[in-house]
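One-letter residues, chain by chain:
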Amino acid sequence: MSGYKYFPLQQANETRLLRLEPANEYNDPLVGSLIHVSLASETPNYEALSYVWEDSSYPWTADYSWSPPAGIMFAIVSENIKKAEEDGTDLSPVISTSDGHILCDNQNIKIGSELHDALRRLRLPDRQRLIWIDAICINQSDIEERGSQVGIMGEIYSKAEQVLIWVGEHYASGRAVQEMLDFVVSLELMISNLMFAYGKSGRRAIDEALCQAYIFHLISFSFLREILARAWFGRVWVLQEVVNAKKATLYSGSGHCSWDSILAITRWLSIYDVNGPINIRGSICAIPVVDMIWDIAKIKDDPSNPPLPNLIDVLAGSRLCKSTHAIDKVYGVLGLAREEDRARVKIDYRRSAADVFKEIAVDEMERNGLGILYLCTRPTKALHLNCPSWVPDWSQPCYHTPYSRLGYKSSISRGSRASFRVEGNTLVVKGRIVDMISKVEMLRRIPSGSPEPPKKNESTEPSTAPEDTEDTLSTSTPASLLSPNFGNPAKTKEDNLSESLVPAASWFSSMMSIAFPDGTITPSSYESFWRTCCCNRTTEQIPGTNKFSEAKIPGKVFASYFPAWTKAMKEGMKLRDLEEYHSNVKRFMDSFTRYCDNRRFFRTGEGRVGWAPDGTVVGDVVCVLDGAEVPLILRPVDDDNFEVVGDAYVHGIMDGEAMKPELEVKDIYLV
């Protein structure tokens, strides 16, 4: 709190609690006082607040190119206007934009607008409320106290009677908000009924039933998506705050609902990957956050479960989450990692984030090899940290999933052993430069802050389909690849189930022109292309879970799905194609989505094709390091030095073909 005079904490397990005084009216001044308590003995019953310091009502999904449908909030409110007007409820937005004040221990203290809104909603009319709030209970100007309190934050939240999740004010207030949140409970019941009717293995029947339910419950689903788009779901601290909670309640404006209902619904969407004709999953970026909360909470609740995840896995899983301070991308999730990893990182806010990130990277390499390099990615925004390119900058988002985290296995380095040394900010590794990028597909929209793709008539690369020449075509080549209208598919509003399922016609055509630059498709090049489009791996989700069985090299049956997939990429999914989607398209689509999502298709100077991270450009090189699991894309800085761009799939070298004697093994300097 700005201007408050704190009394120092005396013990390592000591903290403060805010005693919030009651009030009858929403606009009454906030009044409270701070008390000191020990977490070790006779701690009074208290609650803990989980919230976003700024702009909680604004979606954190901007990078995902999604926002609630226009007018949907007002469509929801309109159903309740008559009742609200009868009881005098004001339905106008009440979102604050300026800071507020609280009279704490007779000191008039300024607090942020989000906290001010939350406390006005959460205070009780008839009794005090004892709450732990980081912005108030920690002296934020005392660096040592901040570090010590962050170190016991997991204990603070685990000992609270309840965690109060504040996702911000709503666009309405009063009865309308509560009825909208009641929709969530009814939605959970509807999903439970679907599961009871069709069982865990009834994936197809569930998808079809959900198509109908989505139309009938459009407002419910849209409201759920709006809630799950709130900034709270993108905050890194919420992970340990909710994982450690005995009980949690979600508040939005004057309404509330059980966190367990939100968790159950979102977890169900994740397990059943609701991605078909209605594409709910594609617009719910809170799912990875909820998945991590669920998985770690289950481990904590059952001692027979495997140990907590290692720190690198937690950092990678929470990468899209945000924090005010870059260093909190580590400190904010430290309590979720296994004990031995926590012991290696000392919480010290006097250190720079870049130093902490580098220390973690070097420690990981010394213990587990060079796998940490696959988590590096090119920055999507201006760099504020001075991290070497071989150190994952956890403050930067990464929108593709590294192949190592997908369990992708290859024999690219044929059993060679990794060799490296650290020289200041330079990492020296052994490896081979295999090829150079000559073409990169740039029309695909990837949520990474990339420049807006050029319009079709402004493209730097022609977007023409291969010519229809029977002499050079394999008999298994799908006709959909040869359509003269490939880049301009006819669409009607009536029969498109979801434009967002396969919004790929333009960039897929561009990808074809890169894969087959002279328009000639031979049996060999066709096979290389379809195998590249699934990274030469099948995908099989284990029913009733969000886990996958071990990927296999696809055979002829899997190849037969490719023509239907290319048709879907060309024309989009239509209602009449639902049967074919389930029987053919979906299996190939699952592999494509899993292994190629948010990656750039490229061609090399020697004619190889593959997938690389967004940010890859012409002139980057393909490198195979000794002991590598997959290739790396590197960017030459000068004759000897390179920057890491990220991991890649390169068809034709994944089985060790690049480990030939004529390719020189040399020291590669990563800066």
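Note that the coordinates shown come from a computational prediction; the quantities given were computed from them, not determined experimentally.

A closer look at the overall build of the protein
Logical step 1: Helix and strand counts for the protein come out as 21 helices and 20 strands.
Logical step 2: Relative to its full complement of 671 residues, the protein shows a buried share of 55%.
Logical step 3: In the protein, 74% of the contacts between residues at least 6 apart in sequence involve partners at least 24 apart.

A short note on the side chain of Arg 599
Logical step 1: Within the secondary structure, Arg 599 is located in strand 14 (residues 599-604).
Logical step 2: One polar contact links the side chain of Arg 599 to the main-chain carbonyl oxygen of Thr 401, over a distance of 3.2 Å.
Logical step 3: Beyond its immediate chain neighbours, meaning those up to four positions away, Arg 599 contacts His 400, Thr 401, Pro 402, Tyr 403, Arg 444, Ile 446, Trp 611, Ala 612, Pro 613, Asp 647 and Ala 648.

Side note on the pattern of salt bridges
Logical step 1: A complete count under the given rule lists 31 salt bridges for this structure.
Logical step 2: For Glu 145, the salt bridge identified is with Arg 16, shortest N-O distance 2.7 Å. Of the two residues, Glu 145 sits in helix 5 (residues 143-151) while Arg 16 sits in strand 1 (residues 14-20), which places them 129 residues apart along the sequence. Of the two residues, Glu 145 and Arg 16, both sit in the buried class.

What about the packing of helix 11 (residues 259-271) against helix 12 (residues 287-301)?
Logical step 1: Contact geometry for helix 11 and helix 12: axes closest at 9 Å, N-to-C directions at 110°. With respect to their mutual orientation, helix 11 and helix 12 come out roughly perpendicular. Judged by residue contacts, Trp 259, Leu 263, Thr 266, Arg 267, Leu 269 and Ser 270 of helix 11 engage Ile 287, Val 290, Asp 291, Ile 293, Trp 294 and Asp 295 from helix 12.
Logical step 2: Of the residues contributing to the contact of helix 11 with helix 12, the split by class is seven nonpolar, two polar and three charged.

Describing the sheet that holds strand 5 (residues 107-111)
Logical step 1: In space, the nine strands of this open sheet follow the order 5-4-2-1-6-3-7-8-9, with mixed pairing throughout. Edge positions in the sheet fall to strand 5 and strand 9 (255-258), since each of these pairs with one other strand and no more. When strand polarity is set aside, the average angle formed by the axes of neighbouring strands in this sheet is 35°.
Logical step 2: In this structure, strand 2 (residues 30-38) lies alongside strand 4 (residues 100-104), joined through three bridges in parallel fashion. Counterpart to Leu 30 in the pairing with strand 4 is Ile 102.
Logical step 3: In this fold helix 3 (residues 113-122) packs onto strand 1, strand 2, strand 3 (47-50), strand 4, strand 5, strand 6 (129-132), strand 7 (162-166) and strand 8 (248-252), with an angle of close to 125° to the strand it touches most, strand 7.

With respect to the confidence of the model for the protein
Logical step 1: Confidence along the protein averages 81 in pLDDT terms, with 77% of residues attaining 70 or more.
Logical step 2: Counted against residues more than four places away or in other chains, residues 61-93, with its pLDDT under 50, gives 48 contacts.
Logical step 3: Considering only residues more than four positions removed or in separate chains, one finds that residues 449-502, a stretch of pLDDT under 50, has 90 contacts.

Notes on the packing of helix 17 (residues 505-515) against helix 20 (residues 562-571)
Logical step 1: Relative orientation of the contacting elements helix 17 and helix 20 amounts to 125°, with a least axis distance of 7 Å. On the basis of the axis angle, helix 17 is oblique to helix 20. Listed contacts from helix 20 to Ala 505, Trp 507 and Phe 508 of helix 17 are Trp 565, Thr 566, Met 569 and Lys 570.
Logical step 2: Among the residues forming the contact of helix 17 with helix 20, the class breakdown is five nonpolar, one polar and one charged.

Some details on unusual backbone geometry
Logical step 1: In this structure, Glu 42 is a non-glycine residue whose phi angle is positive, near 45°.
Logical step 2: Here Glu 42 lies in the loop between strand 2 and strand 3.
Logical step 3: Here Glu 42 falls in the exposed class, since its relative accessible area comes to 81%.
Logical step 4: For Asn 536, which is not glycine, the phi torsion reads 55° and is therefore positive.
Logical step 5: The topology assignment puts Asn 536 in the loop between helix 18 (523-532) and helix 19 (556-559).
Logical step 6: The exposure class assigned to Asn 536 is buried, which follows from its relative accessible area of 10%.

Here we look at the environment of Glu 144
Logical step 1: Mapped onto the elements of the fold, Glu 144 is located in helix 5.
Logical step 2: Considering only alpha carbons, one finds Glu 144 and Ile 347, 203 residues apart in sequence, at a separation of 9.3 Å.

Brief notes about the packing of aromatic side chains
Logical step 1: Evaluation of the coordinates by the stated rule reveals 25 aromatic pairs.
Logical step 2: The interplanar angle of 75° and the centroid separation of 6.3 Å between the aromatic rings of Tyr 408 and Tyr 649 together place this pair among those described as edge-to-face. With Tyr 408 in the loop between helix 16 (353-368) and strand 10 (420-423) and Tyr 649 in strand 19 (residues 649-650), this residue pair connects regions lying 241 residues apart in the sequence.
Logical step 3: Under the relative-accessibility criterion, Tyr 408 is labelled buried at 5%.
Logical step 4: Tyr 649 gets classed as buried once you look at its relative accessible area, which sits at 2%.
Logical step 5: The lysine or arginine in question, Arg 146, covers the ring of Tyr 349, its NZ or CZ lying 4.1 Å from the ring centre.

Conventions used here
Residues numbered from 1 in each chain as written. Predicted model: local features only at pLDDT ≥ 70, side-chain atom pairs only at ≥ 80, totals over all residues. Heavy atoms only, no water. Helix = DSSP H or I, 4+ residues; strand = E, 2+ residues; numbered from the N terminus. Buried < 20%, exposed > 50% of the residue type's maximum accessible area, 1.4 Å probe, protein only. Contact = heavy atoms within 4.5 Å. Polar contact = N/O pair within 3.5 Å; in protein donor to acceptor, adjacent residues only side chain to side chain. Salt bridge = Lys/Arg side-chain N within 4 Å of Asp/Glu carboxyl O. Axes fitted to C-alpha atoms, helices over the stretch in contact; angles between N-to-C directions. Parallel < 35°, antiparallel > 145°, perpendicular 65-115°, else oblique. Nonpolar A, V, L, I, M, F, W, Y, C, P; charged D, E, K, R; others polar. Pairing = 2+ DSSP bridges. pLDDT = per-residue confidence, 0-100. Phe/Tyr/Trp six-rings, centres within 6.5 Å; stacked < 30°, edge-to-face > 60°. Lys NZ or Arg CZ within 6 Å of the ring centre and 35° of its normal.

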